[in-house]
Amino acid sequence: MSMDFGSFLIQLLSGLSRGMMLFLLSAGLSLIFGVMNILNFAHATLWLLGGYITFSLYTALATQFEPSLLLLVPAVLGSTAILFVVGWLLERFLIRRMYGRELPEQLLLTFALILIIGDLIKMIWGVQNRRIVLPIEAWPVFDSFINPYLFVIIGSGAVVATFLWWFLARTRIGKIVRAAVYSRDMVSALGIRIPTIYAMVFALGVAIAGFSAGVFLPIIPIGLGLDMDLIIQCFAVVVIGGFGSIAGTLVASLLVGIVYSFSVLIWPDGALAVIFVILVAVLIWRPYGLFGTEMRS
Amino acid sequence: MSQKSLLSASLLAAARDRLDISIPVLLVLAVLFVLLPLIPGEFILVVGTEILILGLFALSFNLIHGFMGQISFGHAAFFGLGAYTTALILQPLTAAGGLGTITFLLAILAAVPVSALGALVVGYFCVRLTGIYFAMLSMAFGELIFYVVFSWYSFTKGDDGIQGLMPPPLLKSPVVYYYFTFVVVALAAALLWRITRSPFGYTLRLLRDNPARTAFLGIDVRRVMLVNFVLAGSFAGLAGALWGPFARSVSPTLLGWAQSGVPVFMSLIGGAGYFAGPLVGSIVYTGLNSYVTRFTIYWPLTIGLVILAMVLFLPGGLLSVVDGWLKAKRRGEP
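Residues numbered from 1 in each chain as written. Chains lettered and ligands numbered in written order. Predicted model: local features only at pLDDT ≥ 70, side-chain atom pairs only at ≥ 80, totals over all residues.

A.B. asks: Pulling in residues and values, what's your account of the overall build of chain B?
C.D. replies: Along the backbone of chain B there are 15 helices and zero strands. In summary, chain B has a C-alpha radius of gyration of 20 Å against a globular reference of 20 Å for 334 residues, a match within 12%. For chain B, the spread of C-alpha atoms along the three principal axes comes to 65 × 55 × 40 Å. Within chain B, the proportion of its 334 residues that are buried is 48%. Excluding contacts between residues fewer than 6 apart, the proportion of contacts in chain B whose partners are at least 24 apart in sequence is 78%. (Helix = DSSP H or I, 4+ residues; strand = E, 2+ residues; numbered from the N terminus. Rg over C-alpha atoms; globule rule 2.2 N^0.38 Å. Buried ≥ 20, exposed ≤ 12 C-beta atoms within 10 Å, placed from the backbone. Contact = placed C-beta atoms within 7 Å.)

Given below as structure tokens:
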């Protein structure tokens, strides 16, 4: 199919922003898995919860003030903070009991969370899709229109990614987290409170998920079921990139985001299938992902 | 000796023989299933049939999970392939009005080789991996097959599914179809039991507990895993074949990953460590599903809380409670 440069650019940008969101979601998933060896099936459902909370905060604020992009900032930050607390409590009361359990049991517990949180969302927000409409003019570019908000998504994604890198590479706590990936016992022997570190990592991962949902709310309506689609894409991203590799996760997220964005044009129903073809190919050719190394057992 | 103590005596004898408690459990369940239609009303037959079909689906899954130690998140693909095979054969015949019993049985059986072939292709790649990667790859293949069925409208009718399926006149009444399902599932379960007790079944357990040692013994680990994967897929296909005429239609959700979660839940609720575990899990899961949905729209919340409680407090499944109780009792008696 022929495609002019304007629509090519639009697909590329929306693919990049989608990739950014996938990255923020998968980075949390991958971090939690790397540190605690817990595969959190409910990660995208918590993302969805963050989206709904952002929606409610924004709607409440919009009754008091003029709706604007600026109003989204406190809503997103508020939702991020709430999700941090939710993550902390989940780790403290449920996830903590699953360390050292078998993989199927961990998956089952987090799957139970998907069902429970999904129904709680249904009770509170109902079943209709929710979205935020920002008063933003589209920019005309090469005979097409580009929503400038896409740049906000890409930019804020880049900021959070940089923060995550800085946190893990440069801060004391980040170094402890990375050390815990290698040897939990040694870190614990040095007198560091592992349980607190674990709770913090889980809460941080969930908070970043909440943040990305809030940032994404002005361009996609959220609704129940979206979490299922997303978690599968996250698994695809994490596996393609390699577990535990933040750089791999970034590359795979952008790849999946952009591939998805272009396949939707060509084969709307099968866009996810294209991602699975990539996933199957990577798993067969390089089971540990593009950037991954063989995992510790 | 009262009937109750006779029963527990035979249970104890079975336990003493170091047999799986599955045999007495299966016998008790078989009697209950035969007697089930005594309860008046058609609803109980629908629930019973669903328990049996999904129970067979879960039993086939547990061949991979409980006996081989891997977890497949794409098992519904084979259930769905079987369901679609039978549905695609039956639909034109049912519409023409000339569906005979023999043709119907052949259509059911035709699902098995199709699912087996699907499992052979998927399994060929999956058995190269273990643990989390096995789970992911099986899920990816499952989703891939789902999207093929979902978007191949000219062949599968896509999202609309295939409607208007019927058992032949002889099996049409709910009670007859229930007993028909019971016989098929009982035969399949007996075959599965035989497989798990064969040298092949013990090789699977060996492989689950110590893959390295299994390989040292000169056993082709991948081949054993592949054969098991194909067997599990075939039985899932048989279960799927029974589904269409029962539910009167098939749709792509039968292959989706939510459907793949069903046998996982059932195995863990009943006890993946026991042959009969998935069947017990199907009774709890399907039973709850059928009755809870009458009272509340919050079925996911209910099953979510049940699963949460199971994982936290009964990680071995319901049968482990029965097993533990029997062992404690045996120790108490000299």
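A.B. asks: Let's hear about the overall build of chain A: which residues, and what values?
C.D. replies: For chain A, the helix and strand inventory stands at eleven helices and two strands. Listing each helix as α and each strand as β along chain A from the N terminus yields α-α-α-α-β-β-α-α-α-α-α-α-α. Overall, the C-alpha framework of chain A stretches about 60 × 50 × 35 Å when taken along its three principal axes. Put simply, chain A has 297 residues, and 47% of those count as buried. Intrachain contacts of chain A at a sequence separation of at least 6 include 78% that bridge at least 24 residues.

A.B. asks: Lay out the packing of helix α4 (residues 103-125) of chain A against helix α14 (residues 299-313) of chain B in plain terms, naming residues and giving numbers.
C.D. replies: Taken N-terminus to C-terminus, the directions of α4(A) and α14(B) make an angle of 150°; their axes are 8 Å apart at the nearest point. If you check the angle between α4(A) and α14(B), you find them roughly antiparallel. Handedness of the crossing formed by α4(A) with α14(B): left-handed. Of the residues in α14(B), those touching α4(A) at Glu105(A), Leu108(A), Leu109(A), Ala112(A), Leu115(A), Ile116(A), Gly118(A) and Asp119(A) are Pro300(B), Leu301(B), Ile303(B), Gly304(B), Leu305(B), Ile307(B), Leu308(B) and Val311(B). Residues of the contact of α4(A) with α14(B), tallied by class, amount to twelve nonpolar, two polar and two charged. (Axes fitted to C-alpha atoms, helices over the stretch in contact; angles between N-to-C directions. Parallel < 35°, antiparallel > 145°, perpendicular 65-115°, else oblique. Left-handed = near helix turned anticlockwise from the far one by under 90°. Nonpolar A, V, L, I, M, F, W, Y, C, P; charged D, E, K, R; others polar.)

A.B. asks: Please give an account of the interface of chain B and chain A that cites residues and values.
C.D. replies: In this complex, chain B contributes 31 residues to the contact, which on the side of chain A involves 26 residues. Breaking the side of chain B that touches chain A down by element, the ones donating at least two residues are α6 (131-151), α12 (257-270) and α14 of chain B. Among the elements that make up the side of chain B that touches chain A, the one with the highest residue count is α6(B) (twelve residues). Its residues assigned to classes, the side of chain B that touches chain A comprises 25 nonpolar, five polar and one charged.

A.B. asks: Quick rundown of the environment of Pro168(B)? Include the residues and the values.
C.D. replies: Residues and elements named next belong to chain B. Following the sequence through the fold, Pro168 ends up in the loop between α7 (153-156) and α8 (174-196). For Pro168, a count of 19 C-beta atoms within 10 Å translates into the label partly exposed. Contact partners of Pro168, with chain neighbours within four places excluded, come to Leu99, Gly100, Thr101 and Phe104.

A.B. asks: Tell me about the packing of helix α2 (residues 43-64) of chain A against α4(A), and please be specific about residues and values.
C.D. replies: All names here are of chain A. At their nearest, the axes of α2 and α4 sit 9 Å apart, and the two run at 20° to each other. Relative to α4, the element α2 is oriented roughly parallel. Note on packing geometry: the crossing formed by α2 with α4 is left-handed. Mapping the contact onto sequence places Thr45, Leu46, Leu48, Leu49 and Tyr52 in α2 and Leu113, Ile114, Ile117, Gly118, Ile121 and Trp125 in α4. Class assignment for the residues of the contact of α2 with α4 results in nine nonpolar, two polar and no charged.

A.B. asks: How would you explain the nonpolar core if you had to name every residue and give the values?
C.D. replies: Counting 195 residues, the largest nonpolar core has Leu25(A), Val201(A), Cys234(A), Ala236(A), Leu56(B), Phe235(B) and Ala239(B) as the members making the most contacts within it. Considering every element that reaches this core, the biggest residue donor is helix α8 (residues 194-216) of chain A, with 15 residues. (Core = buried A, V, L, I, M, F, W, Y, C linked by C-beta atoms within 7 Å.)

A.B. asks: Tell me about the confidence of the model for chain B, and name the residues and values.
C.D. replies: It should be kept in mind that the predicted coordinates are not to be read in detail where pLDDT is low. All names here are of chain B. Mean pLDDT for chain B: 87, with 93% of residues reaching 70 or above. Contacts from residues 1-7, a stretch scored under 50 in pLDDT, to residues over four places away or in other chains number one contact. In the model output, the complex is listed with pTM 0.84 alongside ipTM 0.83. (pLDDT = per-residue confidence, 0-100.)

A.B. asks: I'd like to hear about helix α11 (residues 271-285) of chain A, residue by residue, with values.
C.D. replies: Turn by turn, an α-helix covers 3.6 residues, leaving residues three or four places apart pointing in a common direction. When the terminal C-alpha atoms of α11(A) are compared, their 22 Å separation across 15 residues agrees well with the 21 Å that a helix rising 1.5 Å per residue should span. For α11(A), the full list of buried residues reads Leu272(A), Ile275(A), Phe276(A), Leu279(A), Val282(A) and Leu283(A). The buried side chains of α11(A) occupy one side of the element, clustering within an arc of 125° when seen end-on. Away from its buried face by more than 90 degrees, α11(A) exposes Ala281(A) and Trp285(A). Buried residues belonging to α11(A) abut α9 (226-241) and α10 (246-266) of chain A together with α6 of chain B. (Expected span 1.5 Å × (residues − 1). Arc of directions from axis to C-beta.)

A.B. asks: Describe in detail the environment of Val76(A), supporting the description with residues and values.
C.D. replies: Residue and element names in this part refer to chain A. When you line up the elements, Val76 lands in helix α3 (residues 69-93). Take Val76: there are 24 C-beta atoms within 10 Å of it, and that puts it in the buried class. Sequence spacing of Val76 and Tyr58 is 18 residues, and the spatial spacing of their C-alpha atoms is 8.2 Å. If sequence neighbours within four positions are ignored, Val76 has contacts with Thr54, Phe211, Gly214 and Val215.

A.B. asks: So what about the environment of Ala180(A)? Which residues, and what values?
C.D. replies: All names here are of chain A. Relative to the elements of secondary structure, Ala180 occurs in helix α6 (residues 172-182). We classify Ala180 as buried; it has 21 C-beta atoms within 10 Å. Here the alpha-carbon distance between Ala180 and Ile192, two residues twelve residues apart in the chain, equals 10.0 Å. In this structure, Ala180 is in contact with Val35, Val187, Ile194 and Ile197, ignoring residues within four places of it in sequence.

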